[in-house]
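Chain by chain, the residues run as shown.
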Amino acid sequence: METMPESSAPRAATPTGRRLVASDIDGTLLRTGEPATPNVRHAVNAVLHAGHHLVLATGRSLIGAVPVGVQLGLNDTWVVASNGAITARLHRDRYELVEQHDVNAETAIRVALGQSPALLVAAEITGAGWRVSRRFPASSLNGPQYVRPLTEVAANPTPRVAFHGPDAHRIVPALVAYGFTAIATRLDWVDVTAPGVSKATALEKVREQLGVESHNTTALGDGENDVEMLQWAADSIAMGHASPFVAGAANRSTGSLDDDGAASALWSLLS
């Protein structure tokens, strides 16, 4: 476990010096499917002990984000989930939904399948899983899958629609032309949320609620869905394995997942 020298132990922040530290989960705090390392958990605890606010800002659904908060020992903290479509307060293993922005699923699905009819479709059920047109690969969605007719998938309120299949990224321009927020997290995966929704828009509201000054914001991430968040923060840190496009949105970088880069970035806030 990484430790800090006694002389440089984190000091408690004054109210005006408290930071909002927003961190992505997958590819940043941990490798998908694995727990955070002891180094990362120790660094998270140090940031909290110093009086700063750690906010999880993730593409995961709430049902996938809450266990990470529990693992990291977070309590009475904020989480921005579903790429900014959902904001909630975490209370250990429970959450309080604060805000949700639903997407026009019917139109998004019509546009996407008009471009690529064979794509799998999933619509998030907040805190409960997903309605899917056909079953997705195991572990590709956080929470249970409920296979439903496409008309039912499209008709129910949802904060996010996901499309999966070969070359799914090709549907992004058509969705963006309709005003949707569409992000190809992989070549075979696209997440769609309401217009103007991002991790950054949700985090700005959290910042205001916490009373943190804008110059005391830090963001840490590695993916395309982190770009707006990195541009929003006064201090933005890209993981070492991030693409040049993502790294270009940050003002500094840290190590990769293999280097426990998130731990190094968090410790740097306390030196």
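Small disclaimer: the values here were computed from a predicted structure and weren't measured.

Draft legend 1. Layout of the nonpolar core. With 35 residues, the main nonpolar core has Val40, Val44, Leu56, Leu72, Val79 and Leu266 as its most contacted residues. Elements represented by at least two residues in this core include exactly α1 (38-49), β2 (53-57), α2 (62-71), β3 (77-81), β4 (86-91) and α9 (261-268). Excluding residues within four positions of it along the chain, Val44 makes contact with Leu54, Leu72, Leu74 and Leu266.

Draft legend 2. The arrangement of the sheet that holds strand β7 (residues 129-132) in detail. Strand order in the open sheet formed by six strands is β8-β7-β6-β9-β11-β10, with mixed pairing between adjacent strands. Since the sheet does not close on itself, it has two edges, and those belong to β8 (145-147) and β10 (181-186), each with one partner. With direction set aside, neighbouring strand axes in the sheet form an average angle of 25°. Alignment of strand β6 (residues 120-125) against β7, held across four bridges, turns out to be antiparallel. By the bridge assignment, Ala123 is partnered in β7 with Arg131. Strand contacts of helix α3 (residues 105-115): β6, β9 (161-164) and β11 (189-193), with the helix running at about 15° to β9, the strand carrying the most contacts.

Draft legend 3. Highlighting the sheet that holds strand β5 (residues 94-100). Pairing is mixed in the open sheet, where eight strands are placed in the order β5-β4-β3-β2-β1-β12-β13-β14. Lying at the two open borders of the sheet, with one neighbouring strand each, are β5 and β14 (252-253). Sheet topology note: the β4/β5 ladder contains six bridges and is antiparallel. Note that in β5 the partner of His91 across the bridge is Arg94. Taken strand by strand, helix α6 (residues 199-210) contacts β1 (20-23), β2, β3, β4, β5 and β12 (217-221), and its axis lies near 165° from that of β3.

Draft legend 4. The arrangement of the pairing of β3 in detail. Within β3, five of the five residues are buried, which leaves the element mostly enclosed by the surrounding structure. Regarding the hand of the β-α-β motif, the stretch spanning β2, α2 and β3 is right-handed. Sheet analysis places β3 next to β4, joined by five bridges and oriented antiparallel. Pairing of Val80 across the sheet is with Thr87, part of β4. Counting the residues in the hairpin turn of β3 and β4 gives four residues, including Ser82, whose phi is positive at 55°.

Draft legend 5. Structural detail: the pattern of salt bridges. Inspection of the entire model under this criterion finds 14 salt bridges. The shortest N-O distance in the salt bridge between Arg60 and Asp26 comes to 2.7 Å. With Arg60 in the loop between β2 and α2 and Asp26 in the loop between β1 and α1, the pair connects residues that are 34 residues apart, well separated along the chain. Residue class for Arg60 comes out buried when judged on its relative accessible area of 13%. The structure contains a network of salt bridges with shared partners spanning Asp24, Lys199 and Asp226.

Draft legend 6. Main features of the packing of aromatic side chains. Throughout the structure, instances matching the rule amount to one aromatic pair. A ring pair is formed by Phe136 and Trp189, whose centres lie 5.6 Å apart and whose planes are at 70°; its orientation type is edge-to-face. Residue Phe136 is found in the loop between β7 and β8, and its partner Trp189 is found in strand β11; the two are separated by 53 residues along the sequence. There is no split in this pair, since Phe136 and Trp189 are both buried.

Rules used throughout
- Residues numbered from 1 in each chain as written.
- Predicted model: local features only at pLDDT ≥ 70, side-chain atom pairs only at ≥ 80, totals over all residues.
- Heavy atoms only, no water.
- Core = buried A, V, L, I, M, F, W, Y, C linked by side-chain atoms within 4.5 Å.
- Buried < 20%, exposed > 50% of the residue type's maximum accessible area, 1.4 Å probe, protein only.
- Helix = DSSP H or I, 4+ residues; strand = E, 2+ residues; numbered from the N terminus.
- Contact = heavy atoms within 4.5 Å.
- Pairing = 2+ DSSP bridges.
- Axes fitted to C-alpha atoms, helices over the stretch in contact; angles between N-to-C directions.
- Right-handed = clockwise from strand over helix to strand, strands pointing away.
- Salt bridge = Lys/Arg side-chain N within 4 Å of Asp/Glu carboxyl O.
- Phe/Tyr/Trp six-rings, centres within 6.5 Å; stacked < 30°, edge-to-face > 60°.

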